[in-house]
Amino acid sequence: MITAAAQEREHYLNASYGLKSWLLTKDHKRIGLLYLMTVTLFFFLGGAFATLIRIELLTPQGDLVSSDTYNKLFTMHGVAMVFFFLIPSIPATLGNFFLPMMIGARDLAFPRINLLSWYLLVIGGLFSLAAMLAGGVDTGWTFYTPLSTSYSNTWVILTALGIFIAGFSSILTGLNFIVTVHRMRAPGMTWFRLPLFVWANYATSLIQVLGTPVLAVTIVLLFCERVFHIGIFDPKLGGDPVLFQHMFWFYSHPAVYIMILPAMGVISELVSTFSRKPVFGYGFVAFSSVAIAVLGFLVWGHHLFVSTQSVYAGMVFSFLSYFVAIPSAIKVFNWTATLYKGSISFATPMLYAFGFIGLFTIGGLTGLFVACLGFDVHVHDTYFVVAHFHYIMVGGTIMAYLGGIHYWWPKMTGRMYPEGWAKLSALVIFLGFNLTFFPQFILGYVGMPRRYHVYPEEFQVLHVLSTAGASVLAVGYLMPMVYLIWSLRYGAVAGANPWGASGLEWQVSSPPPKHNFEETPVVTTDAYDYSKVMGEVIEVG
Amino acid sequence: MGKLQLFPESASTFAPDVDHLTIFLLLVSIFFTVVIFAAIFIFAIKYRRRSEQELPRMVHTGLALEIAWSVIPFGLTMVMFTWGASIIFKESRPPNNAMQIYVVGKQWMWKVQHMEGRREINELHVPLGRAVKLTMTSEDVIHSFYMPSMRVKMDVVPGRYGEMWFEPTKTGTFHLFCAEYCGTKHSGMIGSIYVMEPQDYQNWLSGGAAQDSMAQRGERLFQDLACSNCHKSDATGRCPNLVGLFGKKIQLSDGRTITADEAYIRESILQPTAKIAAGYQPIMPTFQGLVTEEGVLQLIEYIKSIGPKPSVGAAPEDSNSAGSTPRDR
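Residues numbered from 1 in each chain as written. Chains lettered and ligands numbered in written order. Predicted model: local features only at pLDDT ≥ 70, side-chain atom pairs only at ≥ 80, totals over all residues.

(A) Structural context of the overall build of chain A. In terms of helices and strands, chain A carries 16 helices and one strand. Rg of the C-alpha trace for chain A: 23 Å, near the compact-globule value of 24 Å for 541 residues, within the 12% margin. Counting only C-alpha atoms, chain A reaches 70 × 45 × 45 Å along its principal axes. The proportion of buried residues among the 541 residues of chain A is 62%. Long-range contacts, defined here as pairs at least 24 residues apart, represent 84% of the contacts in chain A between residues at least 6 apart. (Helix = DSSP H or I, 4+ residues; strand = E, 2+ residues; numbered from the N terminus. Rg over C-alpha atoms; globule rule 2.2 N^0.38 Å. Buried ≥ 20, exposed ≤ 12 C-beta atoms within 10 Å, placed from the backbone. Contact = placed C-beta atoms within 7 Å.)

Dropping the structure here:
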């Protein structure tokens, strides 16, 4: 029930009504919600493809779908999840909504461009969706040439065009964030008072602006070869197929950091709030985000260790890949140290944060395995790699995304989610995830190649375990979908600051007023100063 | 349902190298995982919130701590790097006495040619205890030749030659997989590696119908494609004399010097104008479409076989492997 008081107060949700007030909104908060709905749709679409893949792999024979269909399923799973869920997920939803509020701004620097970004994602998404409905695409989300340019007779161009358009959404969001952080900080909000979520999204924006154009160029070249038969990648036309891999991974490796850096930013917020302590080593955590963004551009060649690339080039890329591991390790150590002598709450967002740290640790450490030349030659293009990047992207990014959604849900909607159900879902997701993906490390090491529709019988036990885990995971993902929608109407009314958090976004009412702040806030303390938001305190530690 | 397998079979000299590295990587990872998990668990329990009014005192950042947990892991990763690099360095350098076998991948099969002429599809027979070097190319898209039990894999890329080698240490039948996604029947592009006792391998090699060696087939192609009309063996032709060419340094018309290796010969057959030998006119037509990838490999073997023994890439007669089997060339 909506209380009379909440009904009377004007906020961003009730300031205006009607479809037009949403589709033409320039309010970053409303645009954040538009993104939330869009990426959720693609998440469940990608999830549906994954479900079919896992059911097919229950048996060694190809008995559920044909090989062509199977190949389309894993391709469309990758396209939907990477380009239309993971990349926009945290920056475009939580970032859009909270980055301006966290720095004390009334909106992003370019509200109209922000709305344009959302439209570009939707239009790109519709192109790719049209390709899927028309019959799909079967090149793998990596579009390796010359398979994609000269051999596949599926909807390559339509899908790639969708990704091309969505890329501009990503570039414009990045640009908007960079300008906003530079120009719109509230008085007193110096760079080293910024919440770490802002640092992480700033670093992400740099990658989006500098990396995504390379993907666009690559797609244009792919288009030229496939449509006009201009020889760029196909050796039959005088091209070089490995050139495509260099260009593709020059974007797509940094894109991994587009997916994980904002997640790290969320975790910094959660760990601090639910330990009620500043993040240990703030400066190190902030700069490690920037270091990851910069170093991330220098390691693409580790995807090409067995591509017939020179062995010396392989050594350089292996060496540089270890450099990028260190800033990630620094973050994990600092989050752990933040807990020391804290006041630790086990609210749902913190459970997701614990889950993230655990899974990201395993994902990160197995990254050291695949960066290691002698080891990678064996596991390259096997399920070991599949397991590794799912630990980062699903275990890392999605855990943080869900943690962030729960954390900021009261602020976004003015309602609390049901705590018991939420804790249960966090636990189910953690267990289901590990059961799904841990067996895949072993599968890869014993030699199961990825993207196999049919496989030798000796791999079946591990595949059955993985599919069992996937069904648990699916339940875990459906639960929040149900109870969060339920909470919109029946959830307890949230106050302005249910967690006792320190960020500026928690100093305004929930849901926030249309223009965020009635008066421009003036910042006088460092980030994560909890003494200012608490009344009477008992000192501990 | 098959039995549960947790560790792959070990059937080449590289397998123990890779497995030892794996154990090191695992130990380091388990150590850090345990430390981090334990720390989180202990801190979360010990410092759990007992009252909503709790406010922890500030803990100041310790610079020494930050340096320690950056530098120590970095040192460990450098051990990983060096160890991994040393293995790939070995894997990239086939021994001089390695036995040469050619592989051509196509959607969706593996075609293998032995020097002595025996050919096979989706199978690779090799003798035990002998280094085997594979030179590989593709007719269409990128494939990847993967033998999990040998712990080696290399992409098979159209338009270029990839190389890999391994030395089997165990007889038996092992998986061969295509590891690079290559279209509809990618998961059907699999086969078997048969590691045989050297004597059995010899018997297998001479089995089947009497066959010409690769070089003999190459010689016949050389005549059929009329290569011999211009490439004469007495330097009177309009084109370079190919006797003793393989492995030699070639002066090009643009001043560069290159080594006449497999890639150069392949390119000269398919794109003759790409590199012109100094002193000759660019009059050779392309043989693209007239000769298959396997035919090109046979021509290369023929060119290797004429004139002095090559020093690059190909296998000179055995010098040091007493136990190895003699081969006819």
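(B) Summary view of the overall build of chain B. Summing up its helical and strand segments, chain B has six helices and 13 strands in all. Taking 329 residues into account, the globule formula puts the C-alpha radius of gyration at 20 Å, and chain B, at 27 Å, lies well above it. If one aligns the C-alpha atoms of chain B with their principal axes, the spans along those axes are about 100 × 50 × 45 Å. The burial tally for chain B puts 40% of its 329 residues in the buried class. At a minimum sequence separation of 6, the contacts of chain B that also span at least 24 residues come to 68%.

(C) Region of the structure containing the sheet that holds strand S9 (residues 162–166) of chain B. Residue and element names in this part refer to chain B. Reading across the sheet, the five strands line up as S4-S3-S2-S6-S9 and stay open at both edges, with mixed pairing between neighbours. The open sheet is flanked by strand S4 (119–121) and S9, the only strands paired with a single partner. Neighbour-to-neighbour, the strand axes of this sheet turn through a mean angle of 25°, independent of strand direction. Relative to S4, strand S3 (residues 109–114) runs antiparallel, the two sharing three bridges. By the bridge assignment, Lys111 is partnered in S4 with Ile121. (Pairing = 2+ DSSP bridges. Axes fitted to C-alpha atoms, helices over the stretch in contact; angles between N-to-C directions.)

(D) The packing of helix H9 (residues 241–275) of chain A against helix H12 (residues 348–370) of chain A, seen in detail. All names here are of chain A. Two elements in contact, H9 and H12, have axes whose closest approach is 9 Å; the angle formed by their N-to-C orientations is 130°. Taken together, the axes of H9 and H12 are oblique relative to one another. Between H9 and H12 the crossing geometry is left-handed. Residue-level contacts link Ala263, Ile267, Leu270, Val271 and Phe274 of H9 to Pro349, Met350, Ala353, Phe356 and Ile357 of H12. Tallied by class, residues from the contact of H9 with H12 come to 10 nonpolar, no polar and no charged. (Parallel < 35°, antiparallel > 145°, perpendicular 65-115°, else oblique. Left-handed = near helix turned anticlockwise from the far one by under 90°. Nonpolar A, V, L, I, M, F, W, Y, C, P; charged D, E, K, R; others polar.)

(E) The sheet that holds strand S10 (residues 172–178) of chain B, seen in detail. Residues and elements named next belong to chain B. Pairing within the open sheet is mixed, and its five strands lie in the order S5-S11-S10-S7-S8. Looking at strand neighbours, the two that pair on one side only are strand S5 (123–127) and strand S8 (152–156), the edges of this open sheet. For this sheet, the mean angle separating the axes of adjacent strands, direction not counted, is 20°.

(F) Spotlight on the environment of Ser305 of chain B. Residue and element names in this part refer to chain B. Here Ser305 shows up in helix H6 (residues 293–305). On the basis of neighbour count, Ser305 is assigned to the partly exposed category, with 19 C-beta atoms found within 10 Å. Along the primary structure Ser305 and Met214 are separated by 91 residues, whereas in three dimensions their C-alpha atoms are 9.8 Å apart.

(G) Spotlight on unusual backbone geometry. All names here are of chain A. Following Thr145, the chain continues to Pro146 via a peptide bond in cis, the omega torsion being -5°. By secondary structure assignment, the location of Pro146 is in the loop between helix H5 (111–134) and helix H6 (147–151). Across the junction of Ser510 and Pro511, the peptide omega takes the value -15°, indicating a cis bond. Here Pro511 lies in the loop between helix H16 (460–490) and strand S1 (538–540).

(H) Spatial organisation of helix H10 (residues 282–295) of chain A. For H10 of chain A, with 14 residues, the first-to-last C-alpha span of 20 Å sits near the 20 Å given by 1.5 Å per residue. Where H10 of chain A is buried, its residues touch helix H8 (196–228), H9 and helix H11 (311–339) of chain A together with helix H2 (63–91) of chain B. (Expected span 1.5 Å × (residues − 1).)

(I) Examining the confidence of the model for chain B more closely. All names here are of chain B. Summarising the model, chain B shows a mean pLDDT of 88, and 91% of its residues fall at 70 or more. Between residues 310–329, whose pLDDT stays under 50, and residues either more than four places distant or in other chains, the model counts 33 contacts. Across the predicted assembly, pTM comes out at 0.92 and ipTM at 0.93. (pLDDT = per-residue confidence, 0-100.)

(J) Here's a closer look at helix H15 (residues 419–446) of chain A. A rise of 1.5 Å per residue sets the reference length of H15 of chain A, with its 28 residues, at 40 Å; its end C-alpha atoms lie 42 Å apart and thus fit the reference within 8%. After H15 of chain A finishes, the residue Gly447 of chain A shows a positive phi value of roughly 115°.

(K) Focus on the interface of chain A and chain B. On the side of chain B, 78 residues touch chain A, which itself brings 81 residues to the contact. Sort the elements by how many residues they give to the side of chain A that touches chain B and H11 of chain A lands first, with 14 residues. Each residue belonging to the side of chain A that touches chain B can be placed in one class, and the counts come to 47 nonpolar, 24 polar and 10 charged.

(L) Structural view of the packing of H11 of chain A against H2 of chain B. Following both chains from N to C, one finds H11 of chain A and H2 of chain B inclined at 155°, their axes separated by 9 Å at the closest point. In terms of orientation, H11 of chain A lies roughly antiparallel with respect to H2 of chain B. The way H11 of chain A lies across H2 of chain B gives a crossing that is right-handed. Where H11 of chain A approaches H2 of chain B, its residues Val311, Gly314, Met315, Ser318, Phe319, Tyr322, Ala325, Ile326, Ala329, Ile330 and Phe333 of chain A are matched on the opposing element by Trp69, Ser70, Pro73, Phe74, Thr77, Met78, Phe81, Gly84, Ala85, Ile88 and Phe89 of chain B. Counted by class, the contact of H11 of chain A with H2 of chain B contains 17 nonpolar, five polar and no charged residues.

(M) Quick peek at the environment of Arg93 of chain B. Counting through the fold element by element, Arg93 of chain B comes out in the loop between H2 and strand S2 (99–106). A sequence separation of 121 residues divides Arg93 of chain B from Met214 of chain B, and the C-alpha atoms of the two residues are 24 Å apart.

(N) Representation of the nonpolar core within the structure. Membership of the largest hydrophobic core comes to 259 residues, with the highest contact counts inside it found for Ile267, Phe356 and Cys372 of chain A together with Val103 of chain B. If sequence neighbours within four positions are ignored, Phe356 of chain A has contacts with Ala263, Ile267, Gly396, Met399, Ala400 and Gly403 of chain A. (Core = buried A, V, L, I, M, F, W, Y, C linked by C-beta atoms within 7 Å.)

(O) Here's a closer look at the pairing of S2 of chain B. All names here are of chain B. With eight of its eight residues buried, S2 lies for the most part within the structure. Burial along S2 is two-sided: the face carrying Met99, Ile101, Val103 and Gly105 and the face carrying Gln100, Tyr102, Val104 and Lys106 are both buried. The sheet contact formed by S2 and strand S6 (residues 132–138) spans seven bridges and is parallel. The residue of S6 that forms the bridge with Gly105 is Ser138. Two elements, S2 and S3, share six bridges in a ladder whose sense is antiparallel.

(P) Fine view of the environment of Ile538 of chain A. Examined against the element boundaries, Ile538 of chain A turns out to sit in strand S1. Ile538 of chain A gets classed as exposed once you count the C-beta atoms within 10 Å, which come to 12. Setting aside its immediate chain neighbours within four residues, Ile538 of chain A contacts Ser51, Gln53, Glu54 and Leu55 of chain B.

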